[in-house]
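# Examination of the molecular architecture
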Amino acid sequence: MPLLINGSVSILGSDDATTCHIVVLRHTGSGATCLTHCDGSDTEAEVSLIMSSVKSFSNTTGYGRLEVHLVGGFNDDRQLSQKLTNQLLRAFDLQPDDVHLVTFCVTELNDREEKDVHFPIIYGIAVNVKTAEIFPATFPEKGPDEDLRSAHVLTGATLTNIYDAKMEQLHIGPYFWRPFPHVDFWLEQDDKQILQNLSTSPLAEPPHFVSHIRSTLTFLKEHPFPSRSLFPDRKPRIYKKNEEGLWEQVCSDKI
């Protein structure tokens, strides 16, 4: 979950959402923008977190309003998308602040059918934090430490903010997990078995889903105890944009 205000990063986005929903919350006065990829695991807590994050940069502006954009999901057989849509609407409705729903492209409104199989129309979106424009997007490049971040999610992590908007830095970790159960078994399975068992929507996943899961499982096998192999000093991996606009790892003692 990154939170941004106008700075070195101008585009914020996420993709590969099938039953998941992508949520963008923005304060029109401060421009503070938060984007998160929700899977329904703890929706009320996640909405409370993004609300408090955006408000922490917006309380002193004195003007503007909170606007939310919801995109994702489709008419899946298990109705997981509809369940998540309902959870998100309820969670925002429970907030003490007024939140204005601006974009609502979810579930049946984001559904297409091909040969009796349902798919999302939009799998990913991006938001320009300077202009507030939102548009469909895909991201061939996923940013620093993709396998590490994916392993963190696959092992059941709660929503985490990885961007320090004041320092304009990515802070990844420290993350800790127990050895992933039956990792060798899963790595031995064929693509069909991985799709059927590790996806919420096997027929609607993008083509790279299985290779992504295999890469993440391999990473988990190589790092069963991240406290030893990845974060022995209990410090995050820190990245900052360089002059070419690329993420570059920096030493924590230089911060």
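Residues numbered from 1 in each chain as written. Predicted model: local features only at pLDDT ≥ 70, side-chain atom pairs only at ≥ 80, totals over all residues. Heavy atoms only, no water.

## Here's the deal with the packing of aromatic side chains
Applicable threshold: Pairing of aromatic side chains here covers Phe, Tyr and the six-membered ring of Trp, requires ring centres within 6.5 Å, and sorts the geometry by plane angle: under 30 degrees stacked, over 60 edge-to-face, intermediate tilted. Secondary structure is summarised from DSSP: a helix means a run of H or I of at least four residues, a strand means a run of E of at least two, and numbering begins at the N terminus for each. Summary of the burial criterion: residues with accessible area below 20% of their type's maximum are buried, those above 50% are exposed, and those between are partly exposed, where the area comes from a 1.4 Å probe applied to protein chains only. In our convention, an over-ring charge means Lys NZ or Arg CZ found within 6 Å of a ring centre and within 35 degrees of that ring's normal.
The tally for this structure, following the rule as stated, stands at four aromatic pairs. Each ring, one from Tyr 163 and one from Trp 247, has its centre 6.4 Å from the other, and the planes form 75 degrees; the classification is edge-to-face. Pair noted here: Tyr 163 is in strand 11 (residues 163-164) and Trp 247 is in strand 14 (residues 247-250), with a separation of 84 residues, a long-range link. Owing to a relative accessible area of 29%, Trp 247 belongs among the partly exposed residues under this scheme. Ring geometry for Tyr 175 and Phe 231: centres 6.3 Å apart, planes at 70 degrees, overall edge-to-face. Of this pair, Tyr 175 sits in the loop between strand 12 (169-172) and helix 4 (183-188) while Phe 231 is found in the loop between helix 7 (226-229) and strand 13 (237-241), placing the two residues 56 residues apart along the sequence. A relative accessible area of 5% means that Tyr 175 is categorised as buried. Accessibility expressed as a relative area gives 0% for Phe 231, which makes it buried. Through a chain of ring-to-ring contacts, three or more aromatic side chains come together here, namely Tyr 175, Phe 176 and Phe 231. One Lys or Arg, Arg 228, reaches over the ring of Phe 225 and ends 4.4 Å from the middle of that ring. Geometry around Trp 247 places Lys 241 over its ring, the cationic atom sitting 5.1 Å from the centre.

## Details of the packing of helix 5 (residues 191-198) against helix 6 (residues 209-222)
Each pair of packed helices can be summarised by the angle the axes make with each other and by the distance between the axes. Cut-off, in case you're wondering: Interaxial angles span 0 to 180 degrees and are taken between N-to-C directions of axes, which are lines fitted to C-alpha atoms, for helices over the stretch in contact. An angle counts as roughly parallel when it lies under 35 degrees, as roughly antiparallel when it exceeds 145, as roughly perpendicular when it falls between 65 and 115, and as oblique in every other case. For this analysis, residues touch if any pair of their heavy atoms sits within 4.5 Å. Each residue is assigned to one of three groups, with Ala, Val, Leu, Ile, Met, Phe, Trp, Tyr, Cys and Pro labelled nonpolar, Asp, Glu, Lys and Arg labelled charged, and all others, Gly among them, labelled polar.
Look at helix 5 against helix 6: their axes get within 10 Å of each other, and the N-to-C directions meet at 85 degrees. Classified by the angle their axes make, helix 5 and helix 6 are roughly perpendicular. Between helix 5 and helix 6, the contacting residues are Asp 191, Ile 194, Leu 195 and Leu 198 on the first element and Phe 209, Val 210, Ile 213, Arg 214 and Leu 217 on the second. Looking at the contact of helix 5 with helix 6 residue by residue, the classes come out as seven nonpolar, no polar and two charged.

## Focus: the nonpolar core
Applied cut-off: To form a nonpolar core, buried Ala, Val, Leu, Ile, Met, Phe, Trp, Tyr and Cys residues must be joined to one another through side-chain atoms within 4.5 Å.
In this structure, Val 23, Leu 25, Leu 88, Phe 92, Leu 148 and Trp 177 are the most contacted members of the largest nonpolar core, which totals 42 residues. In terms of residue count, the dominant contributor to this core is helix 6 (six residues). Residue contacts for Leu 25: discarding those within four places in its chain leaves Ala 32, Thr 33, Cys 34, Ile 50, Met 51, Val 54, Leu 66, Glu 67, Val 68, Phe 92 and Val 99. Counting 12 residues, the second largest nonpolar core, distinct from the first, contains Cys 20, Val 71, Ile 125 and Val 127.

## Some details on the pattern of salt bridges
To keep things clear, this is the line we draw: Each reported salt bridge corresponds to a side-chain nitrogen of Lys or Arg within 4 Å of a carboxyl oxygen of Asp or Glu.
In total, this model carries nine salt bridges according to the counting rule given. Note that Lys 142 and Asp 15 form a salt bridge whose closest N and O atoms lie 2.9 Å from each other. Of the two residues, Lys 142 sits in the loop between strand 10 (134-136) and helix 3 (146-154) while Asp 15 sits in the loop between strand 2 (11-14) and strand 3 (21-27), which places them 127 residues apart along the sequence. The partly exposed category is assigned to Lys 142, whose relative accessible area is 25%. Here Glu 114 makes a salt bridge to Arg 112, at a shortest N to O gap of 2.9 Å. Assessed through its relative accessible area of 41%, Glu 114 is described here as partly exposed.

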